[in-house]
Structure formats: structure tokens, C-alpha cells
Amino acid sequence: MAVDEGLPRWALTALDHLRVVLVEPQHSGNIGAVARAMKNMAISRLVLVNPADHLAMEARMMAMHAFDILQHAQVVGTLSQAVADAGYVVGTTRRLGKSRQAQYSSRSIAPLLLELAASNPVALVFGREDSGLSNDELAQCHELINIPAHPAFGSLNLAQAVLLVCYELYVTTATQPVSALPALATAAELERLYTRMRAVLRRIGFLHGSNPDRMMGYFRRFFARYGLKSRDVKIFLGVFRQVEWYISRHNN
């Protein structure tokens with residue numbers, strides 16, 4: 001758990017529910033520098049997706065007194081595994097476009113993330129040093145954020161990006177206590193809903209053409225905006241199961 005005697009209990013709880021997820025970090029030194037940045041801001045949970053050696057000497061040297069974060073880091077094979085139990089997933093992106101619509105900056109989203117983290121595991125996802133997150137990986141995020149930087153040279157070092165996002169969260173804990181938001185459905189529960197939804201919508205001909213996932217991206221953003229709870233997901237799954245049953249019965 002994040003430890004800081006100067007922080008109120010609600011802030012400690014929220015910071016402890018935050019996790020930094022690095023997707024395929026390519027350099028051990030960057031992983032160590034990320035660990036140090038996290039510890040500077042009282043965040044201790046690190047998840048690594050298919051990483052370089054996070055316990056290499058270079059990583060240890062860059063981590064300095066944050067080696068414990070490296071030692072306790074969780075290593076997984078895919079982003080879906082890294083965020084499966086998270087109630088809210090935030091992806092970071094420098095490149096913006098139709099499929100990369102970031103409504104928040106790292107500063108403006110901080111209060112919302114702390115409110116969510118009071119009752120939910122929250123994942124902060126950072127991509128590869130050379131190419132960031134893929135569109136498929138961004139699709140697994142509830143929200144995207146952009147870190148403001150000079151447009152002529154806006155590419156940040158991985159550890160710098162992590163530090164800036166974690167800094168905004170840490171500074172926000174110095175303000176008045178936030179109101180805890182309710183527990184949300186996990187990313188894994190939502191993925192089950194999206195998989196069933198996609199299958200049914202394709203079956204009835206709603207999703208068609210060369211890019212059916214574009215419409216699914218809209219549904220993902222829509223449901224993420226309203227913060228579904230586990231009970232909500234079960235209801236929607238029941239609806240789609242009934243639709244499938246009806247289709248099967250009347251197609252015979």
C-alpha cells in the first residue's frame with residue numbers, strides 16, 4: 001500500500017487502488033525510472049505487460065530506493081490480463097484522431113480518477129516507447145488522456161509521462177476530500193458484454209461493412225461514459241441472450 005504519513009486516509013486508499021500498467025516496455029532502465037517516479041508520488045502498484053527484464057541491473061540503478069516496486073511488480077502477457085479486475089482503465093496517447101479522442105488532460109481527469117479509485121481499482125496504461133498503444137489496446141480503455149506538450153516536440157520519455165500523470169493525482173490529494181463513486185463493473189465483465197453484443201449485432205445485420213469495430217468503439221465509449229455496475233452488465237447480457245434465443249427460435 002502507498003505510504004505517506006502526510007496524506008489523509010481517503011487519499012491513501014485511493015492511491016493504493018491505482019496501478020500503473022506499462023505495455024511492452026522495451027528498456028529496463030525506463031522501467032526502473034518509472035518505479036522511482038511512482039514512489040515519488042506515493043503510488044506503488046506496477047503491472048508489466050510482456051516487458052524487458054525489470055530486475056536487470058540497469059532497472060535497479062534507475063529505480064534507486066524504489067526497487068521494492070520492481071520486486072513486487074506483476075508481470076502478465078496481455079493488456080486484458082493487466083486490467084481484468086479494474087473498474088476504470090485510462091489510456092495515454094500523444095497522437096489524436098477519430099479513434100484517439102482524448103477528452104481529458106492529465107490534470108483535468110485527476111479528481112475523477114481519485115473519486116473512482118476510492119471504491120475501484122483504476123489502471124493507468126502507458127504504451128511502448130517507440131509506438132505507444134495500438135488502437136486495439138486503446139479500445140480496452142474507458143477513457144483516453146493526453147499530456148499537454150509543445151506540438152513541435154510532444155513525445156515524452158516513458159518515465160516522464162508516468163511522473164506527470166502521477167504528479168497530478170498526488171497534488172489533487174492535497175485538496176478537499178473527494179466523494180467516492182460506487183463500485184463499477186470490471187474490465188473483464190465489460191469485455192464479456194462487448195463480445196456478446198458484437199456477436200448479436202453482427203447476427204442481426206446491424207454491424208456490417210469493412211469496419212464493424214468502428215461502431216463497437218462507439219458503444220464502448222457510450223457505456224464507459226455512464227459507468228456500468230456489475231448488475232447493469234448482467235442485465236444487458238440477459239437482454240442479448242434473449243435476443244439470441246429469439247433469433248434462433250424464429251430462424252428454424
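In this text the structure is predicted, and so the values were computed from the model without any measurement.

S.K.: Can you help me understand the packing of helix α6 (residues 110–117) against helix α8 (residues 158–172) in this one?
M.R.: Between two packed helices, both the angle of their axes relative to each other and the distance between the axes serve to describe the pair. α8 packs onto α6 with a crossing angle of 70° between their chain directions and a minimal axis gap of 9 Å. Compared by their axis directions, α6 and α8 come out roughly perpendicular. Only E168, L169 and T172 of α8 make contact with α6, whose side of the interface consists of A110, P111, L113 and L114. Residue composition of the contact of α6 with α8, by class: five nonpolar, one polar and one charged.

S.K.: I'm lost on the pairing of strand β7 (residues 143–146) in this one. Help?
M.R.: In summary, the side chains of a regular strand alternate between the two faces of the sheet. Residues E143 and I145 point to one face of β7 and L144 and N146 to the other, with burial holding for every one of them. With three bridges joining them, strand β4 (residues 88–92) and β7 adopt parallel strand pairing. Bridge pairing links T92 to I145 in β7. The pairing of strand β5 (residues 104–105) with β7 spans two bridges and is classified as parallel. Considered in β7, the bridge of Y104 is made with I145.

S.K.: What's the story with helix α11 (residues 230–250) in this structure? I'm lost.
M.R.: Helical geometry: 3.6 residues make up each α-helical turn, so side chains three or four residues apart lie on a common side. Across its 21 residues, α11 extends 31 Å between first and last C-alpha, which sits within 8% of the 30 Å expected from 1.5 Å per residue. For α11, the full list of buried residues reads V233, L237, F240 and I247. Down the axis of α11, the buried side of the element spans an arc of 80°, and every buried residue falls inside it. Of the residues in α11, the exposed ones pointing more than 90 degrees away from the buried face are R231, K234 and R249. Turning to α11, the residues buried within the fold contact α9 (187–203).

S.K.: Would you explain a nonpolar patch on the surface in this entry?
M.R.: On the surface, I204, F206, M215 and Y218 cluster together into a nonpolar patch covering about 390 Å² of accessible area. Structurally, Y218 can be placed in helix α10 (residues 212–226).

S.K.: Please explain the packing of aromatic side chains as it appears in this structure.
M.R.: How two aromatic rings sit relative to each other is given by the distance of their centres and the angle of their planes. Tallied over the full model, the rule gives six aromatic pairs. Each ring, one from F223 and one from F236, has its centre 5.2 Å from the other, and the planes form 65°; the classification is edge-to-face. Of this pair, F223 sits in helix α10 while F236 sits in helix α11, placing them 13 residues apart in sequence. Taking relative accessible area as the criterion, F236 reaches 31% and is therefore assigned partly exposed. Through pairs of rings, three or more aromatic residues link up here, namely Y194, F206, Y218, F219, F222, F223 and F236.

S.K.: Got a minute to help me understand empty space enclosed by the protein in this structure?
M.R.: The probe, sized like a water molecule, is rolled over the atoms to show the empty space still left. Within this structure, the stated rule accounts for two cavities of 30 Å³ or more. Surrounding the largest cavity, A139, Q140, C141, H142, A187, L190, E191, Y194, R220 and A224 form its lining. When contributions to the lining of the largest cavity are tallied by element, the ones reaching two or more residues are α9 and α10. With four residues, α9 is the single largest residue contributor to the lining of the largest cavity. By residue class, the composition of the lining of the largest cavity is six nonpolar, two polar and two charged. In this structure, the second largest cavity spans a volume of roughly 50 Å³. Every residue along the wall of the second largest cavity is listed here: G87, Y88, H142, L184, A185, L190, F223, A224, G227 and L228. Broken down by class, the residue content of the lining of the second largest cavity amounts to seven nonpolar, three polar and no charged.

S.K.: Quick question: what am I supposed to make of the layout of surface pockets here?
M.R.: Quantified by volume, the second largest pocket comes out at close to 530 Å³. Taken together, 26 residues form the lining of the second largest pocket, with T93, R94, G154, S155 and L156 sitting closest to its centre. Within the residue set of the lining of the second largest pocket, elements represented by two or more residues are β7 and α8. Classifying every residue of the lining of the second largest pocket gives nine nonpolar, 11 polar and six charged.

S.K.: I keep staring at the sheet that holds strand β2 (residues 45–49) and nothing clicks. Help me out?
M.R.: Strand-to-strand pairing in sheets goes through backbone hydrogen bonds, with the strands running parallel or antiparallel. The strand order across the open sheet built from seven strands is β3-β2-β1-β6-β4-β7-β5, with neighbouring strands paired in parallel fashion. Both edges of this open sheet fall to β3 (74–76) and β5, since each of them pairs with a single strand only. Of the pairings in the sheet, the one linking β4 to strand β6 (residues 122–126) comprises four bridges and is parallel in character. Bridge pairing links V90 to L124 in β6.

Rules used in this analysis
- Residues numbered from 1 in each chain as written.
- Predicted model: local features only at pLDDT ≥ 70, side-chain atom pairs only at ≥ 80, totals over all residues.
- Heavy atoms only, no water.
- Axes fitted to C-alpha atoms, helices over the stretch in contact; angles between N-to-C directions.
- Helix = DSSP H or I, 4+ residues; strand = E, 2+ residues; numbered from the N terminus.
- Parallel < 35°, antiparallel > 145°, perpendicular 65-115°, else oblique.
- Contact = heavy atoms within 4.5 Å.
- Nonpolar A, V, L, I, M, F, W, Y, C, P; charged D, E, K, R; others polar.
- Buried < 20%, exposed > 50% of the residue type's maximum accessible area, 1.4 Å probe, protein only.
- Pairing = 2+ DSSP bridges.
- Expected span 1.5 Å × (residues − 1).
- Arc of directions from axis to C-beta.
- Patch = residues over 30% accessible without salt bridge, like charges linked within 9 Å, V, L, I, M, F, W, Y side chains within 5 Å.
- Areas by Shrake-Rupley, 256 points an atom, 1.4 Å probe, with all protein chains shown as cover.
- Salt bridge = Lys/Arg side-chain N within 4 Å of Asp/Glu carboxyl O.
- Phe/Tyr/Trp six-rings, centres within 6.5 Å; stacked < 30°, edge-to-face > 60°.
- 1 Å grid on protein atoms, 1.4 Å probe; cavity = no way out; pocket = protein on both sides within 12 Å on 5 of 7 lines; lining within 4 Å.
- Points joined across faces, edges and corners; volume = space filled by probe spheres on them.

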